[in-house]
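For reference, the chains in residue letters:
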Amino acid sequence: MSTLAINTLTGQTSASSINVRGEGSANTNLQQGLAKAWISMNGTGTIAVRDSFNITSISDEGTGLTNVTIASDMSDGNYSLSGASGTYIANSDNVRLGFSTETTPPTSTLFRTITREANDDTNRDVTYSFAQVFGDLA
Amino acid sequence: MSEVVTTTMTTDTIVGNTSANSINVRGEGSANTNLQQGLIKSWAQVDNAGEFTLKDSFNQSAATDTSEGQITYNYTNNMANVNYSCVVAHGTLADGGSGHHPMISTGGTATGSILTWVIDNDWEDANHNCMQVTGDLA
């Protein structure tokens, strides 16, 4: 067994690219494989960040609408977002989490989550919602 | 057991020592996590509402507009099996609606098929289709 104690990893040929041997014989890429931001939020009452990585702040943009500001910017708005929502606490109905893209498309610094009740298609504030960002940092 | 202590390491490729496919990384607390298992193996963002466009991606050789509301993703480096984890999300529709469900239809080691489905049971193209895959590379 060997141990490497280190603070920073940098690519040699390209500073921003390090290959990692995957589970089989193929390589994957360290930088591309790392989540660039994630967040757990409480959207009820005064909205709050439960925990996060590379997130500066969130803002309440209306019922079910939250703007999430990224700390270290992405290179553009073409990153991959995913997320999930807890149930609507008033009736335990299912709530879907999507990303509001027509009026507020993702940018290098911000994306907007939208949580909407499945049964009646109404925006809802939820106690648990989550989002993850994969893509290229600036 | 050997230990290397340094501040910055510059390298092109990281391979496990005891097992080429497994590297432990100290987590945020005292427990270790696994580098290979923690890296996402593919991500993508596709705009499917207007002209079909693969906006950005990792480990995708191509994404194709299979039919309305359906996108097929093709991995560059295949997954080891079909038991990987895939999450998807997409943005609001042109009319601002978000009552649609992103669904995964079929998954293969070389391709995964991502379907978007509106609540009235019609397939529908959407903006900002995002997918993220974690699991074992071949």
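Residues numbered from 1 in each chain as written. Chains lettered and ligands numbered in written order. Predicted model: local features only at pLDDT ≥ 70, side-chain atom pairs only at ≥ 80, totals over all residues. Heavy atoms only, no water.

A look at the overall build of chain B
Stated precisely, the cut-off is as follows: Here a helix means four or more residues in a row that DSSP labels H or I, a strand means two or more in a row labelled E, and each is numbered from the N terminus. A 1.4 Å probe rolled over the protein chains alone gives each residue an accessible area, and that area as a share of the maximum for its type sets the label: buried under 20%, exposed over 50%, partly exposed in between. Here the Shrake-Rupley method, with its probe set to 1.4 Å, supplies the accessible areas, and only the displayed protein chains count as covering residues.
A count of helices and strands for chain B gives one helix and 13 strands. Taken over 138 residues, chain B has a buried fraction of 42%. Carbon and sulfur atoms provide 47% of the accessible area of chain B, an area that totals close to 6,700 Å².

Examining the packing of aromatic side chains
Residues and elements named next belong to chain A. Spelled out, the test is: The rule is short: rings of Phe, Tyr and Trp, with Trp giving its six-membered ring, pair when the centres are within 6.5 Å, and they are stacked under 30 degrees, edge-to-face over 60, tilted in between. Working rule: Lys NZ or Arg CZ, within 6 Å of ring centre, within 35 degrees of ring normal, means a charge sits over the ring.
Counting across every chain of the model gives three aromatic pairs over all chains. Both rings, one in F99 and one in F111, keep their centres 6.0 Å apart while their planes meet at 70 degrees; by these two values the pair is edge-to-face. Of this pair, F99 sits in strand β10 (residues 95-99) while F111 sits in strand β11 (residues 110-117), and the two are 12 residues apart along the sequence. In this structure F111 comes out as buried when scored by relative accessible area, which is 1%. Over the ring of Y128 we find R50; its NZ or CZ atom is 3.7 Å from the centre of that ring.

Some details on the pattern of salt bridges
For clarity, the cut-off: Salt bridge, as used here: a side-chain nitrogen of Lys or Arg that lies within 4 Å of a carboxyl oxygen of Asp or Glu.
Applying the stated rule across the entire model yields six salt bridges over all chains. The residue E23(A) makes a salt bridge to K41(B) at a minimum N-O spacing of 2.9 Å. Residue E23(A) is located in the loop between β3 (19-21) and β4 (27-29), and its partner K41(B) is located in the loop between α1 (35-38) and β6 (42-47); the two belong to separate chains. On the basis of relative accessible area, E23(A) is assigned to the buried category, the value being 19%. Looking at K41(B), the relative accessible area reads 1%, which means it is buried. Its salt-bridge partner being E117(A), residue R124(A) comes within 2.6 Å of it at the nearest N-O pair. Overall, the relative accessible area of 18% leaves R124(A) in the buried class. With relative accessibility at 1%, the residue E117(A) sits in the buried group. Here the salt bridges share partners, and the residues they tie into one network are R96(A), R116(A) and D121(A).

Focus: the pairing of β11(A)
Residue and element names in this part refer to chain A. This is how the line gets drawn: One bridge is not enough; two strands pair if DSSP finds at least two bridges between them.
For β11, a buried count of eight out of eight residues is recorded, marking the element as mostly surrounded by other parts of the structure. In this structure, strand β8 (residues 65-70) lies alongside β11, joined through five bridges in antiparallel fashion. Residue pairing in the sheet places L65 in a bridge with I114 of β11. For β10 and β11, the ladder comprises five bridges, and the chain directions are antiparallel. The partner of L97 across the bridge, within β11, is T115.

Some remarks on a nonpolar patch on the surface
Operational definition: The patches described consist of residues with a relative accessible area above 30% and no salt bridge, like charges being joined within 9 Å and nonpolar side chains (Val, Leu, Ile, Met, Phe, Trp, Tyr) within 5 Å.
On the surface, L4(A), L9(A) and V4(B) cluster together to form a nonpolar patch covering roughly 230 Å² of accessible area. Its location among the elements puts L4(A) in strand β1 (residues 2-5).

A word on unusual backbone geometry
Residues apart from glycine generally show negative phi values, whereas peptide bonds are mostly found in trans. Residues and elements named next belong to chain A. Backbone geometry at S92 places phi at a positive 60 degrees, although glycine is not the residue there. Classification of S92 as exposed rests on a relative accessible area of 51%. A positive phi is found at D121, a non-glycine position, where the angle reads about 60 degrees. When you line up the elements, D121 lands in the loop between β11 and β12 (129-134).

Observations regarding the interface of chain A and chain B
Heads up, the condition is: In this description, contact between two residues means that some pair of their heavy atoms is separated by no more than 4.5 Å. What counts as buried area is the accessible surface, traced by a 1.4 Å probe, that two parts surrender upon association, with contributions from both included. Between N or O atoms, a polar contact is any pair within 3.5 Å; within protein, one atom must be a potential hydrogen donor and the other a potential acceptor, and residues adjacent in sequence are included only when both atoms are from side chains. Under the scheme applied, nonpolar residues are Ala, Val, Leu, Ile, Met, Phe, Trp, Tyr, Cys and Pro; charged residues are Asp, Glu, Lys and Arg; polar residues are all the others, including Gly.
Between chain A and chain B, the contact holds 53 residues from the first and 57 residues from the second. Note on chain A versus chain B: buried area summed over both sides is about 4,500 Å², and carbon and sulfur give 51% of it. Taken together, the links from chain A to chain B amount to one salt bridge. At the boundary of chain A and chain B, one finds 37 residue pairs in polar contact (both at pLDDT 80 or more). Class assignment for the residues of the side of chain A that touches chain B results in 18 nonpolar, 28 polar and seven charged. Examined bridge by bridge, β3(A) and strand β3 (residues 13-14) of chain B share two bridges and lie parallel to one another. The residue bridging V20(A) from the neighbouring strand is I14(B), located in β3(B).

All quantities given are derived from atomic positions and should not be read as evidence of function.
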